[in-house]
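Listed here are the chains, written in short residue letters.
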There are 2 protein chains.
Amino acid sequence: MMSVLIIGSGNVGMHLYSALLETKNIIVTQISSRNISKVPNADVTIIAVSDNAIAEVSAKITNSFVVHTSGACAINELQNNSSKGVFYMLQTFTKDKKVAFSEVPFCLEAETTENYKLLKKLANSLGENIYPINSKQRKALHLAAVFVNNFTNHMYKIGNDICENNQIPFNILHPLIKETSEKITTLTPRKAQTGPAIRKDSNTIKEHLSLLNNKEQEIYKLLTKSIQNGN
Amino acid sequence: MMSVLIIGSGNVGMHLYSALLETKNIIVTQISSRNISKVPNADVTIIAVSDNAIAEVSAKITNSFVVHTSGACAINELQNNSSKGVFYMLQTFTKDKKVAFSEVPFCLEAETTENYKLLKKLANSLGENIYPINSKQRKALHLAAVFVNNFTNHMYKIGNDICENNQIPFNILHPLIKETSEKITTLTPRKAQTGPAIRKDSNTIKEHLSLLNNKEQEIYKLLTKSIQNGN
C-alpha cells in the first residue's frame, strides 16, 4: 500500500487523481492548493500547481517526500525541508478529455534511490513508459515539447485559418495531420521532410507567399529557410 | 468498367497504380512520363508528374480526358486540347509506406458535370472522402497542407535535435505528438492551444530561449509572438 496526496486541482491534478482512484494499492487524497493549512500525511506528496506557485506551496509542506509535476522547473525549486522529487508526465492534459495514462511517459527524478523506486512504483500503477530524467534533461524535454506540441498546434491554427478564408472544411486536413504525426514513429523527422521548401520549388513558394498576410508570410519564409538550411 | 491510364512513376503514380490494381471494375495501365510517344487510350488519363512537367507532358496527350494530381497547379495548366480535370489526393505519399486510401480526401475538379461524375466514380472505388474543390481552393488547401504537414514536421525535427543534444530518446515525445494531432479533431486549434506563449509565461520563455541556438531562437520568438497575437 502507498498513500498519495495531490495538492492542486488544475488539469494535471484532476486527471492524476481520477486515474489513481482506479488503481489498486494506492490510497489517494486530493486538496486544493488554497487549503494547505491542514495537510494530511502521505508517502508521496504531489504538488500539481502552476510553476510560479511551486516554491510558495512546497515551503509550507512538512511531509516526508514532496514532488512537483512541472517540466519547466528544477527539483531544487521545491522549498520543503524534507526529501524532494519530480513526477513529470509528458502529455498535454485537457479538461473533459480522458488521458490514456498507459501511454504517458513518466519522467522521474529523486534525490535517493529509495525515493526514485517509490516514484517508479507509483508510475507503474498507471503506465509502463518510465524514464529517469534529471532537471537539465527535463528542461530540454519541456522545450522540445513546446515545439512538437504548442508550435505544431499553431501550425494547425494557421492551416485552419487558411481553410476558413477559402470556404474549405478544416477536417479535410485531418488525415494528412494524422499521417504526418505517425510518419515520425518510423522515419526520422529529417527523412520525413517533404514539400516545396526541401525541394527548393521557388515557383510554388512564391505563389504561396502571395496568398498569405504579412505575419503569415514572415513565418512561412523563416520556416522555409530553416528547412532549406537543414537547421 | 472504366479504363485508367497513369502517366508517371513517382510516389503518387506508384501508390495510385497499386491501389487501383486491387479495385474491381477499373482497368489500370501505367507508363513512365519519359515514354509518351505511344500513349494507350483510356477513359481517364492521370498525369502524375512533377508540377513543372505537367504542361509539357499534357501537351502531348490526345486522349479524351486528362487530369493532373497536383495541389499547387490550376486546372488550366494542363495543355491538352481535350477535356481537363484534377484528381488531387490530399495526403503525403512516402515510398515503401502503404497508403490508407480509404481515409484519403479526394479533391476533384472537372470542366463538365459528366467528367466530374467520372472522377467521383474513380475516387469512390478507392475511398469515401470526396470533395469538389476548384483551382483557387486547391491552391489554398495546398498552402494549408504546407503548414500542417511540412512545417509541423520541421517542428518535430527541431524537437528531435533538442532531444539528441540532451541524450533523450525522441520516442519519449511520440505520445505527446499523437495526442496533439488527435486533439484538433475534437477541438479547434485555437481552443487546443496550450503552453508558455498563450499563458504569457515570460520566465519560461526566457529560460527556453537561453537553451536554443540563434536560428532556433528566431523561430521560437516569432511563433511565440504569433500565438500571443492570435494571428
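Residues numbered from 1 in each chain as written. Chains lettered and ligands numbered in written order. Predicted model: local features only at pLDDT ≥ 70, side-chain atom pairs only at ≥ 80, totals over all residues. Heavy atoms only, no water.

Participant: Quick rundown of the overall build of chain A? Include the residues and the values.
Facilitator: Helix and strand content of chain A: nine helices and seven strands. The C-alpha radius of gyration of chain A comes to 22 Å, more than 25% above the 17 Å expected for a compact globule of 231 residues. For chain A, buried positions account for 57% of its 231 residues. For chain A, long-range pairs separated by at least 24 residues make up 50% of all intrachain contacts whose partners lie at least 6 apart in sequence. Here chain A has roughly 10,400 Å² of accessible surface; of this, 47% comes from carbon and sulfur atoms. Computed over 25 positive and 19 negative side-chain charges, the separation of the two mean positions in chain A equals 3 Å. (Helix = DSSP H or I, 4+ residues; strand = E, 2+ residues; numbered from the N terminus. Rg over C-alpha atoms; globule rule 2.2 N^0.38 Å. Buried < 20%, exposed > 50% of the residue type's maximum accessible area, 1.4 Å probe, protein only. Contact = heavy atoms within 4.5 Å. Areas by Shrake-Rupley, 256 points an atom, 1.4 Å probe, with all protein chains shown as cover. Lys, Arg positive; Asp, Glu negative; His and termini not counted. Charge placed at Lys NZ, Arg CZ, Asp CG, Glu CD.)

Participant: Hey, could you go over the nonpolar core for me, with residue numbers and the actual values?
Facilitator: Counting 76 residues, the largest nonpolar core has Phe147 and Leu173 of chain A together with Phe147 and Leu173 of chain B as the members making the most contacts within it. Beyond its immediate sequence surroundings of up to four residues, leucine 173 of chain A is in contact with Gly159 and Cys163 of chain A together with Leu90, Leu141, Ala144, Ala145 and Val148 of chain B. Among the nonpolar cores identified, the runner-up in size contains 26 residues, and Ile6, Leu20, Tyr116 and Leu126 of chain B belong to it. (Core = buried A, V, L, I, M, F, W, Y, C linked by side-chain atoms within 4.5 Å.)

Participant: Give a detailed account of helix H9 (residues 214–228) of chain A, specifying residues and quantitative values.
Facilitator: All names here are of chain A. Over its 15 residues, H9 runs 21 Å from end to end, which matches the ideal 21 Å to within 8%, given 1.5 Å per residue. One side-chain oxygen at the N-terminal end of H9 lies 3.1 Å from the backbone nitrogen of lysine 215; it belongs to asparagine 213. Backbone geometry just after H9 places glycine 230 at a positive phi near 65 degrees. (Expected span 1.5 Å × (residues − 1). Polar contact = N/O pair within 3.5 Å; in protein donor to acceptor, adjacent residues only side chain to side chain.)

Participant: I'd like to hear about the relation of the copies chain B and chain A, residue by residue, with values.
Facilitator: Once chain B has been moved 0.0 Å along the axis and rotated by 180 degrees, it coincides with chain A to within an RMSD of 0.0 Å. Both copies of the chain, as the preceding transformation shows, are related through a two-fold rotation axis. When C-alpha distances to the rotation axis are compared across chain B, the minimum falls at threonine 152 of chain B, with a value of 2.6 Å. Comparing interface residues between copies, 100% of those in chain B also sit at the interface in chain A, which points to an isologous, same-surface contact. (Least-squares fit on C-alpha atoms with pLDDT ≥ 70 in both.)

Participant: Can you tell me about the sheet that holds strand E3 (residues 44–47) of chain B, naming the residues and giving the values?
Facilitator: Residue and element names in this part refer to chain B. A sheet is described by the order of its strands in space; here seven strands give the open sequence E2-E1-E3-E4-E5-E6-E7, paired in mixed fashion. Only two strands of the sheet have a single neighbouring strand rather than two, namely strand E2 (26–31) and strand E7 (130–132). Pairwise comparison of adjacent strand axes, ignoring direction, gives a mean angle of 25 degrees for this sheet. For strand E4 (residues 65–68) and strand E5 (residues 83–89), the ladder comprises four bridges, and the chain directions are parallel. Paired with histidine 68 across the two strands is valine 86, which belongs to E5. In the packing of helix H1 (residues 11–21) onto the sheet, contacts are made with strand E1 (2–7), E2, E3 and E5, and the angle to E2 comes to roughly 150 degrees. (Pairing = 2+ DSSP bridges. Axes fitted to C-alpha atoms, helices over the stretch in contact; angles between N-to-C directions.)

Participant: Residues and numbers for the packing of helix H4 (residues 135–165) of chain A against H9 of chain A, please.
Facilitator: Residues and elements named next belong to chain A. Interaxial distance between H4 and H9 falls to 12 Å at its minimum, and their mutual angle equals 130 degrees. As summarised for this structure, H4 and H9 are arranged oblique, according to the angle between their axes. Considering how the two elements wind past one another, H4 and H9 form a crossing that is left-handed. Contacts from His154, Met155 and Ile158 of H4 reach H9 at Glu216, Ile219 and Leu223. Considered class by class, the residues forming the contact of H4 with H9 number four nonpolar, one polar and one charged. (Parallel < 35°, antiparallel > 145°, perpendicular 65-115°, else oblique. Left-handed = near helix turned anticlockwise from the far one by under 90°. Nonpolar A, V, L, I, M, F, W, Y, C, P; charged D, E, K, R; others polar.)

Participant: So what about the sheet that holds strand E6 (residues 106–110) of chain A? Which residues, and what values?
Facilitator: All names here are of chain A. Taking strand neighbours across the sheet as the criterion, the seven strands line up as E2-E1-E3-E4-E5-E6-E7 in an open arrangement whose pairing is mixed. The two strands at the open ends of the sheet, each matched to only one other strand, are strand E2 (26–31) and strand E7 (130–132). Across the sheet, the mean angle separating the axes of adjacent strands is 25 degrees when strand polarity is ignored. Note that strand E1 (residues 2–7) and E2 share six bridges and pair parallel. Along E2, the bridge assignment pairs valine 4 with valine 28.

Participant: How would you sum up the packing of aromatic side chains? Please name residues and give values.
Facilitator: Residues and elements named next belong to chain B. Under the counting rule described, the total for this entry stands at 10 aromatic pairs over all chains. On the numbers, 5.0 Å between centres and 85 degrees between planes, the contact of phenylalanine 147 with phenylalanine 151 is edge-to-face. Linking phenylalanine 147 with phenylalanine 151, this pair stays in helix H4 (residues 135–165), spanning four residues, or about one helical turn. Since its relative accessible area comes to 0%, phenylalanine 147 is described here as buried. (Phe/Tyr/Trp six-rings, centres within 6.5 Å; stacked < 30°, edge-to-face > 60°.)

Participant: Lay out the interface of chain B and chain A with the relevant residues and their values.
Facilitator: Listed by partner, the interface residues are 86 residues for chain B and 86 residues for chain A. In this assembly, chain B packs against chain A so that about 8,300 Å² is buried in total across both faces, 67% of it on carbon and sulfur atoms. The interface formed by chain B and chain A holds six salt bridges in total. When the shortest N-O distance is used, the salt bridge between lysine 178 of chain B and glutamate 103 of chain A registers 3.5 Å. Put simply, the parts of the chain that give the side of chain B that touches chain A at least two residues each are H4, helix H5 (174–183), helix H6 (189–192), helix H8 (202–210) and helix H9 (214–228) of chain B. Take the side of chain B that touches chain A: its biggest share by element is 27 residues, from H4 of chain B. Residues that form the side of chain B that touches chain A fall into these classes: 40 nonpolar, 29 polar and 17 charged. (Buried area = accessible area lost by both parts, 1.4 Å probe. Salt bridge = Lys/Arg side-chain N within 4 Å of Asp/Glu carboxyl O.)

Note that every value here comes from positions in space, so none of it alone points to a role or purpose.
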